[in-house]
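Survey of secondary and tertiary structure
The primary structure of each chain is shown beneath.
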Amino acid sequence: MENKELIRMFRLTASLMELHDENPFKIKSYTNAVMVLERLEQPIHQMSQAQLEKLDGIGKGMAAKIMEAIQTGSHADLNRLLETTPEGVVQMLNIKGIGPKKIRTIWKELGVETTEGLREACERNELSKLKGFGAKTQETILQALQYSEDSKGKLLWAEAEPLALDLLQFLKNRPETASVELVGDMRRNLEIVDTLQFLVSLQDDRSWPEFLNEIPGITSVEHLSGPFVWRGQLVGAGLKLEVRQVPERRFANQTLLYSANPHWLIQPLNENGDTLMAEAYGEPAASEEEIFQRLKLPFIAPELRESVRVLELAKENKLPTLLQDADLKGILHNHSTYSDGAHTLEQMAVHCQQLGYEYLGICDHSKSAFYANGLQEFRVQTQHQEIDRLNQQLGPFRIFKGIESDILADGSLDYDNEVLASFDFIVASIHSNLKMDIVKATDRLVNAIHNPYTTMLGHPTGRLLLRREGYPIDHKAVIDACAQNQVIIEINANPWRLDLDWRWVEYALSQNVMLSINPDAHSMRGYEDMRYGVLVGRKGGLTAEMTFNAKSRDEVAAYFAERKKAKKKGI
């Protein structure tokens with residue numbers, strides 16, 4: 001059993017206990033255990049009960065429950081709670097913006113036991129009449145239910161990737177196949193995927209499509225399939241699967257057709273009205289590159305096959321050299337145990353150094369983030385002293401003193417200028433009061449961007465893909481303000497965020513706004529998310545030249561120093 005499965009199980013136990021109004025001390029023991037388990041890097045199932053008992057916040061009783069869960073796949077408390085809770089009520093615990101106590105009220109006072117019943121109760125205006133709810137809460141729940149419904153059968157790119165690669169390997173290893181390619185949304189690096197699409201050409205067409213029924217964990221959907229396309233669904237994940245049979249001689253042509261936005265393929269490329277789609281449907285090609293060559297275009301990477309601007313650049317032979325993982329020299333925006341991180345500052349720094357990076361930007365939460373153990377002023381000083389010590393110890397590797405400062409409701413940051421001036425750089429982010437209209441959200445961000453101490457804007461919309469929509473913002477106004485104030489915008493590389501959205505990267509670059517690939521890492525493992533930020537940055541046309549953390553340690557240090565010098569001069 002993986003760590004994340006155990007953590008999910010014990011978090012659910014705590015929520016169910018709260019739902020049933022059980023002993024708050026027992027609930028606290030489970031929430032504490034979750035916090036401890038989240039900080040463990042080693043596989044929990046490889047630990048002995050004695051080792052678990054030695055962990056602060058676990059103890060003998062909780063260690064026994066963990067061992068029971070590892071050995072049986074569950075534990076007594078969870079089994080008891082699930083037996084006395086309707087399945088639909090358990091599902092309600094996943095709804096954003098509504099906690100166990102409110103769910104208990106809905107369940108007990110309205111007799112609602114399913115998400116469908118909850119929707120109907122909202123539509124009948126029954127929730128707004130309950131004590132502690134009101135029309136606003138009811139509308140929030142309705143929106144969350146709709147968002148959850150719209151998200152069914154979809155996965156993040158990062159979640160879909162291992163499934164796609166496993167299926168690709170299965171198809172490649174089959175003796176029936178001559179050529180195989182993963183196409184569709186996965187090949188284009190779209191952040192959300194609802195269908196895994198593959199092209200195959202066969203050694204012998206007579207084997208089609210029977211061998212596909214041997215794919216593990218798949219159910220066939222025969223009524224949606226046809227003579228040359230087999231459709232199914234991944235059991236559990238809910239993703240759709242599409243395998244299309246194509247002749248070997250047209251394999252490259254079909255690969256292009258299914259690896260681009262259809263609207264992009266039909267854009268006229270010259271006075272004759274030639275299009276990539278028409279060319280792909282034309283003479284068979286040996287490769288995708290050959291099709292581009294016929295139209296006197298350089299090869300365009302699949303992730304760029306969205307924007308008309310990309311076609312214009314290709315015609316001018318000015319395609320950007322896209323950012324690569326190896327271009328990144330440091331990792332900015334990370335958290336440690338000073339706030340809500342799983343690992344100490346030293347652990348985060350040493351691991352970053354071991355990965356081959358030149359520098360780390362530590363950005364623990366600021367004092368307004370009390371829920372995340374945000375740093376009061378005296379703790380800022382303590383952290384800075386530790387950073388100075390570690391920089392002497394780890395040099396030439398360097399830790400830059402940063403903070404993720406909360407943007408308050410009026411757009412101000414949550415420290416006074418003297419404290420703000422003590423940092424090398426500041427990531428300004430919104431974490432509270434997320435229910436804003438576009439005017440309020442945009443004004444709040446722009447005010448923060450105009451603050452001379454703001455170095456970088458963090459996750460601009462606050463979105464969590466497939467979990468909650470971000471607050472609406474006027475992206476152009478926000479990017480223009482960053483351009484005016486020389487504020488960097490992060491692409492938050494956490495696969496749940498990927499914010500700044502790749503669709504606005506092109507505009508940011510056109511305004512000479514630098515971007516930074518930031519993992520928002522809360523553990524050493526969080527550094528692995530950097531690659532997802534690179535993927536979506538590339539999709540927007542991001543280059544190393546316009547990526548802030550592609551700068552060297554000395555260049556970043558000089559940049560921060562210059563900004564601090566400018567502030568002192570009042571510029």
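Look up: the structure comes first, before these words.
The text that follows walks through the structure, step by step, so that each part is easy to find. Positions within a chain are numbered from 1, following the residues in the order the chain's sequence is written. Selection of residues for local features in this predicted model requires a pLDDT of at least 70, selection of side-chain atom pairs for listing and counting requires 80 or more, and totals for whole chains, interfaces and linings are taken over all residues. Hydrogens are left out, water is left out, and the side-chain values use all remaining heavy atoms of the structure.

Right, let's get into the state of the cysteines. By disulfide we mean two sulfur atoms from cysteines, separated by a distance within 2.5 Å. All chains considered together, the criterion is met by zero disulfides. No disulfide involves Cys363; its sulfur sits 12 Å from the nearest other cysteine sulfur, which is in Cys352. Distance from the sulfur of Cys482, which forms no disulfide, to the nearest cysteine sulfur (Cys363) is 16 Å.

A carboxyl oxygen of Asp or Glu within 4 Å of a side-chain nitrogen of Lys or Arg is what we treat as a salt bridge. This model, assessed by the stated rule, comprises 31 salt bridges. Put simply, Arg531 and Glu161 hold a salt bridge, and the shortest N to O gap is 2.9 Å. On the criterion of sequence distance, the pair formed by Arg531 in helix H23 (residues 530–539) and Glu161 in helix H10 (residues 157–173) is long-range, its members being 370 residues apart. Burial classes follow relative accessibility: with a 1.4 Å probe on protein chains only, a residue under 20% of its type's maximum area counts as buried, one over 50% as exposed, and anything between as partly exposed. What makes Arg531 partly exposed here is its relative accessible area of 30%. The closest approach of N and O atoms between Arg503 and Glu191, which form a salt bridge, is 2.7 Å. Of this pair, Arg503 sits in the loop between strand E13 (488–492) and helix H22 (505–510) while Glu191 sits in the loop between helix H11 (184–187) and strand E3 (192–193), and the two are 312 residues apart along the sequence. Relative accessible area serves as the criterion here: at 43%, Arg503 is assigned to the partly exposed category. Classification of Glu191 as buried rests on a relative accessible area of 6%. Several salt bridges share partner residues, and in doing so they unite Glu22, Lys26, Lys65, Asp77 and Arg80 into one network. Starting at the N terminus, helices and strands are each numbered in turn, a helix being any DSSP run of H or I of at least four residues and a strand any DSSP run of E of at least two.

The next subject is helix H1 (residues 3–19). An α-helical segment advances 3.6 residues per turn. Residues three or four places apart therefore align on the same side. Across its 17 residues, H1 extends 24 Å between first and last C-alpha, which sits within 8% of the 24 Å expected from 1.5 Å per residue. Of the residues making up H1, those classed as buried are Asn3, Leu6, Ile7, Met9, Phe10, Thr13, Ala14, Leu16, Met17 and Leu19. Residue contacts are counted whenever heavy atoms from the two residues lie within 4.5 Å of one another. Where the residues of H1 are buried, they touch helix H2 (24–38), helix H4 (59–72), helix H5 (76–83), helix H6 (87–92) and helix H7 (100–110). Looking one or two residues beyond H1, the residue adopting positive phi is Asp21, at roughly 55°. An expected span of 1.5 Å times one less than the residue number is assigned to each helix.

Take the sheet that holds strand E14 (residues 515–518) next. If you trace the seven strands from one edge of the open sheet to the other, you get E8-E9-E10-E11-E12-E13-E14, paired in parallel fashion. In the strand order of this sheet, the two ends are held by strand E8 (330–334) and E14, each with one partner. Note: two strands are recorded as paired if DSSP finds a minimum of 2 bridges between them. Where strand E12 (residues 456–457) and E13 come together, two bridges link them in parallel fashion. Bridge pairing in E13 places Met456 opposite Ile488.

This part takes up the sheet that holds strand E2 (residues 177–183). Strand order in the open sheet made by the five strands is E2-E4-E7-E6-E5, with mixed pairing throughout. Looking at strand neighbours, the two that pair on one side only are E2 and strand E5 (218–220), the edges of this open sheet. Across the sheet, the mean angle from the axis of one strand to that of its neighbour is 25°, orientation sign disregarded. As defined by bridge partners, E5 adjoins strand E6 (residues 229–234) across three bridges and the pair is classed as antiparallel. Residue pairing in the sheet places Ser220 in a bridge with Gly232 of E6. In this analysis, axes come from line fits to C-alpha atoms, helices being fitted only over the stretch in contact, and the angle between any two N-to-C directions falls in the range 0 to 180 degrees.

Attention shifts here to empty space enclosed by the protein. Throughout, the protein atoms alone are placed on a 1 Å grid, and a set of points is a cavity if a 1.4 Å probe fits but cannot get out or a pocket if it is open with protein on both sides within 12 Å along at least five of seven lines; lining residues have an atom within 4 Å of a point. Grid points are joined across faces, edges and corners, and a volume is the space filled by probe spheres set on the points. Enumeration according to the criterion identifies one cavity of 30 Å³ or more in this entry. As a volume, the largest cavity reaches approximately 80 Å³. Along its surface, the largest cavity is lined by Leu156, Trp157, Ala158, Asn189, Leu190, Glu191, Pro495, Leu498, Tyr532, Leu535 and Val536. Elements supplying a minimum of two residues to the lining of the largest cavity: H10 and H23.

To pair, rings of Phe, Tyr and Trp, with the six-membered ring standing in for Trp, must have centres within 6.5 Å; the planes then decide the type, stacked if under 30 degrees apart, edge-to-face if over 60, and tilted in the middle. Taken as a whole and assessed by the stated rule, the structure comprises twelve aromatic pairs. Through a chain of ring-to-ring contacts, the aromatic side chains of Tyr359, Phe400, Phe425, Phe548, Tyr559 and Phe560 assemble into a single cluster. As a reminder, the over-ring test applies to NZ of lysine and CZ of arginine, requiring each to be within 6 Å of the ring centre and within 35 degrees of the ring normal. Stacked on the ring of Phe133, the Lys or Arg Lys102 has its end atom at 5.4 Å from the ring centre. The residue whose ring lies beneath Lys539 is Trp502, and the NZ or CZ to ring-centre distance is 4.7 Å.

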